[in-house]
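# Notes for the structure review
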Amino acid sequence: MGSNLSTAASAEVSTIVKHWREHPPSSYSLKIHNFSELENSTAFSDYKYESRLFSYGGYNWRLIIYPKGNGEDNVSGFISMYVEIDSESLMTYTPPTEVFAELRFFVYNKKANKYFTIQDVGVKPFSALKTRWGLQQVLPCVTFNNPNNGYIFEGGQCEFGVDVIVAPSLTNWEVLSFTKKHSDPVFSWTIKSFSDLKEDVQISNSFPMGGIEWFLELYPKGDFSADGKWLSIYLDLADDDEPEADEKIFVQASFRVLDPLGSNHTEVQFATWYTEETQSSGWSEFLSLAELQKVYLDKEDTLKVEVEFRVVSSTKYSSTEADPVEEEEWVQLTPKKYID
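First, a word on what this report is: a plain description of the structure on this page. (Residues numbered from 1 in each chain as written. Predicted model: local features only at pLDDT ≥ 70, side-chain atom pairs only at ≥ 80, totals over all residues. Heavy atoms only, no water.)

In this section: the environment of Ile165. As for its position among the elements, Ile165 is in strand 10 (residues 158-167). Taking the C-alpha atoms as reference, Ile165 lies 8.3 Å from Arg104; in sequence the two are 61 residues apart. (Helix = DSSP H or I, 4+ residues; strand = E, 2+ residues; numbered from the N terminus.)

This is how it looks when you write it as structure tokens:
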């Protein structure tokens, strides 16, 4: 059993997908009125037919059909189809760019009134060194040329097509980083004559951390939900550093109220995301006022608070619009006989 599993695991998985669909090709359609004449004419053009250039996804392409198979790849007895990017399209940018695209090839079947669709699901890199990608074996010639199968109809008509799904260049990105090392990670705040404070809220000076301006907000008698029994404290973003829509800032820090004797600091760990809706975060009930009065005021009625930052995140981002995809094009080919 182990040997069979090993063999199955090592087998190469096919990336060729075939199916039927009613919707015609979106990038290009090539309709031929007399396939046998086209087949004969390719003897004078390396056994292939190259469509006119068509524009899609911001680049110029052409569809290439080998009616009897691509002899350059030692293929015979199959319809071969390829897409080639116009090399001049690659020179639009300096240095020359690399274009990534998925390819879906189509052959219309009149009998089913659907398109036989075949694709290699891998994304193909088009470049100056590799301008052409495709499939060597789209359909067996025996199958295609038999009118009973529906690919050749009404006296030799047929239709080929392709979808070129261009992966646009990266236009939207963000880089999220977390700064853990700060030159001075601690902000200390000394509040004098704490017991005599009249204002409901005390605001510290602003200070920078992680490239952002912050300030502390302290309620000596608690905020509206603390019932006058607790010290409330919050870390706020300065107005100039308020997050924009959909922007986030992560902060991990330690808040402390210092024991003037240095042995019994009150410390609480803090971790939260700041957003456009949440620009202030902290505790309504950080420390009971009864305990604060007993332990945390020195002889001069001074309270010392500090916050030590562990992590502050920052995000760089860019967002631009991709070029619009152009509308589909198709060409109809009618071979003609010329008699001398």
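Let's shift gears to helix 5 (residues 289-296). When helix 5 is considered as a whole, its buried residues turn out to be Leu289, Leu292 and Tyr296. Along the axis of helix 5, the buried residues cluster in a sector spanning 75°; they form a single face. Where helix 5 is buried, its residues touch strand 16 (230-237), strand 17 (249-257), strand 18 (266-274), strand 19 (280-288) and strand 20 (303-319). (Buried < 20%, exposed > 50% of the residue type's maximum accessible area, 1.4 Å probe, protein only. Arc of directions from axis to C-beta. Contact = heavy atoms within 4.5 Å.)

With that settled, the discussion passes to the packing of aromatic side chains. Going through the model one piece at a time under the given rule, you end up with 24 aromatic pairs. Taken together, a centroid distance of 4.9 Å and an interplanar angle of 65° make the contact between Phe35 and Phe144 edge-to-face. Here the residue Phe35 occupies a position in helix 2 (residues 35-41), and Phe144 occupies one in helix 4 (residues 141-145), the gap between them amounting to 109 residues. Residue Phe144 is classed as buried on the basis of its relative accessible area of 1%. When the centroid spacing of 6.2 Å and the interplanar angle of 85° are considered together, the rings of Phe106 and Tyr115 count as edge-to-face. Here Phe106 and Tyr115 have matching classes, each one buried. A network of ring pairs unites the aromatic residues Trp20, Phe35, Phe116, Phe144, Tyr151 and Phe160 as a single cluster. Its end group placed over the ring of Trp133, Lys130 keeps NZ or CZ at 4.6 Å from the ring centre. (Phe/Tyr/Trp six-rings, centres within 6.5 Å; stacked < 30°, edge-to-face > 60°. Lys NZ or Arg CZ within 6 Å of the ring centre and 35° of its normal.)

Right, let's talk about the nonpolar core for a bit. One finds Trp61, Leu63, Phe144 and Phe160 to be the most contacted residues of the largest nonpolar core, which totals 35 residues. Judged by nonpolar contacts, the second largest core, of 34 residues, contains Leu197, Leu231, Leu237 and Val257. (Core = buried A, V, L, I, M, F, W, Y, C linked by side-chain atoms within 4.5 Å.)

Moving on, we get to the pairing of strand 2 (residues 28-32). Here strand 2 lies mainly inside the structure; four of its five residues are buried. Across five bridges, strand 2 lies against strand 10 in antiparallel orientation. Within the sheet, the bridge partner assigned to Tyr28 lies in strand 10 and is Val162. (Pairing = 2+ DSSP bridges.)

This brings us to the environment of Leu103. For Leu103, the location among the structural elements is in strand 7 (residues 99-109). In this structure, the C-alpha to C-alpha distance between Leu103 and Val162, residues 59 residues apart in sequence, is 6.9 Å. If we ignore the near neighbours within four places in the chain, the residues touching Leu103 are Val83, Gln119, Asp120, Lys124, Phe126, Trp133, Asp163 and Val164.

We now examine unusual backbone geometry. One non-glycine residue with positive phi stands out, namely Glu154, at about 50°. Residue placement: Glu154 occurs in the loop between helix 4 and strand 10. For Ser193, which is not glycine, the phi torsion reads 50° and is therefore positive. Tracing the chain through its elements places Ser193 in the loop between strand 12 (186-191) and strand 13 (202-203).

Our next topic: the side chain of Thr117. Along the chain, Thr117 falls in strand 8 (residues 114-126). Judged by its relative accessible area of 0%, Thr117 is buried. In terms of polar contacts, Thr117 uses its side chain to reach the backbone carbonyl oxygen of Tyr115, at 3.3 Å. (Polar contact = N/O pair within 3.5 Å; in protein donor to acceptor, adjacent residues only side chain to side chain.)

Right, let's talk about a nonpolar patch on the surface for a bit. A contiguous nonpolar surface patch, about 330 Å² in accessible area, is contributed by Leu170, Trp173 and Val175. By secondary structure assignment, the location of Leu170 is in the loop between strand 10 and strand 11 (172-179). In this structure Leu170 comes out as exposed when scored by relative accessible area, which is 68%. (Patch = residues over 30% accessible without salt bridge, like charges linked within 9 Å, V, L, I, M, F, W, Y side chains within 5 Å. Areas by Shrake-Rupley, 256 points an atom, 1.4 Å probe, with all protein chains shown as cover. Salt bridge = Lys/Arg side-chain N within 4 Å of Asp/Glu carboxyl O.)

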